[in-house]
Amino acid sequence: VILYTSGTTGRSKGAMLSHANIVSNILGASTHFGLNDTMHTLSFLPINHVFEQVCGVLLPLSLGGRVTFCESLKKLGENLAEVKPTFFLAVPAVYRMVLDRIMKNIDSKRLSRMLFMFPLTRPLVTAKVRQTFGAGTIFISGGAALDPAIIEGLTLVGLSIYQGYGITETSPIITAEQPGRRRLGSVGWPLQRIEVRIDEPNEEGVGEIVAKGPNVMLGYYNNPLATAEVLTDDWYRTGDLGRINDDGSLTISGRVKNLIVTPNGKNVYPEEVENELLKSPYIAEVMVYGHRVGPAEEEIHATIYPSQDALNDHCRLEGNCPMSEADVEVLLRREVQAACNALADYKRVRKFTIREDEFPKTTTRKIKRFAVEASISTGN
């Protein structure tokens with residue numbers, strides 16, 4: 001198959017994946033997660049994306065399992081409760097939404113809220129959550145970094161979530177956590193027959209992640225130059241930054257192209273700052289980037305798309321409806337400052353702008369950074 005990359009940083013390229021590439025990943029994933037013919041997935045991600053195509057459809061079919069197709073994204077929660085899949089794939093934006101809905105449901109009922117507050121009575125609430133979504137369901141997050149706070153929140157309400165890491169060019173899984181083996185903040189361990197190393201690590205052990213194995217693509221269709229840039233002696237350069245922990249698990253820091261280097265030589269990973277900002281209920285989407293203010297000086301800037309629902313709730317509570325643009329800016333400034341208090345000074349956002357509409361995104365809900373940066377540079 002030829003699958004085109006989602007194009008978050010530039011023009012899409014056609015990754016050529018062989019039958020052997022895909023089968024190696026199916027075998028690796030089934031062993032890694034201990035799957036069998038009882039496997040049942042609820043498919044809702046686009047099937048033209050390798051994550052869903054291989055793991056959500058081909059993997060269960062290869063084992064003689066079942067695939068149920070979601071009616072629509074709006075009915076995802078309802079379908080999850082109806083189907084109770086044993087294996088569920090989603091991107092971080094979906095898990096953030098799931099956790100928000102669960103917590104709103106708990107908070108809306110006085111008794112549930114009281115019981116959830118105390119560790120001794122909390123299982124009475126979480127048992128109902130597990131019963132609704134499926135007690136033995138393996139929830140897998142991929143496609144982008146998952147905020148550790150979301151992992152902790154979902155674990156607290158009784159759901160088992162595991163992070164995985166992979167890309168189109170690697171068919172797709174490279175590493176993943178697995179039942180009985182997790183490390184908070186990591187994306188787990190390599191699947192069988194896959195090697196991972198860090199190229200030119202810095203003093204913190206962070207460098208570009210490179211991978212080798214039977215899952216690595218043949219190359220980019222009709223694009224030998226682009227192929228040569230990423231494939232060297234069968235090692236694939238992912239373009240992602242990370243480090244290998246002492247237990248062999250992999251932790252992702254960010255994208256090589258997104259890295260911001262401050263004037264004093266400090267590295268800032270936009271994804272880390274974005275995760276802090278997204279903890280605010282008033283920030284629906286955000287993109288952090290380096291803004292050049294001098295020949296060799298960059299400031300940390302952000303573009304924010306606020307949550308209209310949260311703003312509406314706030315103005316009703318304060319009796320100040322509708323909110324003016326100035327009111328929204330004051331509120332968001334307070335939220336940005338509060339979020340940045342958890343970060344080192346050199347990582348803090350110095351300026352932000354507010355968007356009136358959602359960011360342009362890929363099929364897996366990742367922001368098309370190159371498109372946003374282009375519009376910022378032209379003032380649009």
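Residues numbered from 1 in each chain as written. Predicted model: local features only at pLDDT ≥ 70, side-chain atom pairs only at ≥ 80, totals over all residues. Heavy atoms only, no water.

Novice: A description of unusual backbone geometry should follow, citing residues and the corresponding values.
Specialist: Cis geometry is adopted by the peptide bond preceding Pro172, which originates at Ser171 and carries an omega value of -5 degrees. Mapped onto the elements, Pro172 comes out in the loop between strand S7 (161-166) and strand S8 (173-176). Its identity is not glycine, yet Arg193 carries a phi of approximately 70 degrees, on the positive side. When you line up the elements, Arg193 lands in the loop between strand S9 (189-190) and strand S10 (195-199). Given the relative accessible area of 62%, Arg193 is considered exposed. Of note, Asn222 is a non-glycine position whose phi angle comes to about 55 degrees, a positive value. One can find Asn222 in the loop between strand S12 (219-220) and helix H8 (224-230). Given a relative accessible area of 65%, Asn222 falls into the exposed group. (Helix = DSSP H or I, 4+ residues; strand = E, 2+ residues; numbered from the N terminus. Buried < 20%, exposed > 50% of the residue type's maximum accessible area, 1.4 Å probe, protein only.)

Novice: Account for the packing of helix H4 (residues 92-107) against helix H7 (residues 148-156), with residues named and values stated.
Specialist: It is at 10 Å that the axes of H4 and H7 come closest, and there the two elements cross at 45 degrees. The angle between H4 and H7 falls in the class oblique. Our pair here, H4 against H7, has a crossing hand that is left-handed. Residues Tyr95, Arg96, Val98 and Leu99 of H4 touch H7, and the partners they reach there are Ile150, Gly153 and Leu154. Of the residues in the contact of H4 with H7, the class split is five nonpolar, one polar and one charged. (Axes fitted to C-alpha atoms, helices over the stretch in contact; angles between N-to-C directions. Parallel < 35°, antiparallel > 145°, perpendicular 65-115°, else oblique. Left-handed = near helix turned anticlockwise from the far one by under 90°. Contact = heavy atoms within 4.5 Å. Nonpolar A, V, L, I, M, F, W, Y, C, P; charged D, E, K, R; others polar.)

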